[in-house]
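Below are the chains, spelled out letter by letter.
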Amino acid sequence: TIQMRITRGYNGAIYFVTNKDNNWDELKTVRFFTKNIGNFQTYNIVMSSISSWKDVITQFRLDPVDNALDVKVEIDYISVHAP
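Residues numbered from 1 in each chain as written. Predicted model: local features only at pLDDT ≥ 70, side-chain atom pairs only at ≥ 80, totals over all residues. Heavy atoms only, no water.

Enquirer: Describe the side chain of Gln41, listing the residues and the values that go with them.
Expert: Relative to the helices and strands, Gln41 is located in strand S4 (residues 41-43). Assessed through its relative accessible area of 15%, Gln41 is described here as buried. Discounting residues that sit within four places of it in the chain, Gln41 has contacts with Ile2, Gln3, Met4 and Lys35. (Helix = DSSP H or I, 4+ residues; strand = E, 2+ residues; numbered from the N terminus. Buried < 20%, exposed > 50% of the residue type's maximum accessible area, 1.4 Å probe, protein only. Contact = heavy atoms within 4.5 Å.)

Enquirer: Just give me the short version of the sheet that holds strand S5 (residues 57-63), but keep the residues and values in it.
Expert: Read from one edge to the other, the open sheet built from three strands follows the order S3-S2-S5, with strand pairing classed as antiparallel. At either end of the open sheet lies a strand with only one pairing partner, and these are strand S3 (29-33) and S5. Each neighbouring strand pair of the sheet contributes to a mean axis angle of 15°, computed without reference to strand direction. Pairing of strand S2 (residues 11-18) with S3, which is carried by five bridges, proceeds in the antiparallel orientation. Directly across from Tyr15, in S3, lies its bridge partner Thr29. (Pairing = 2+ DSSP bridges. Axes fitted to C-alpha atoms, helices over the stretch in contact; angles between N-to-C directions.)

This is the structure:
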């Protein structure tokens, strides 16, 4: 779960690597649609929806928007929890 506010952009992504595969790639990515309406928004991203979500997750990478030109991103919190 991520609570953030952005000024522009339409797609975010979370990448991850594991103890058995430390390559950052599209097989270990979940994309999500962002809302740039000026208020903080909560995004619940279900990582277990992809088959590569297994083993020990060693790192995450958040790309809050797909185009970082002239964008302001404010993150209130990031929470990792079971569904």
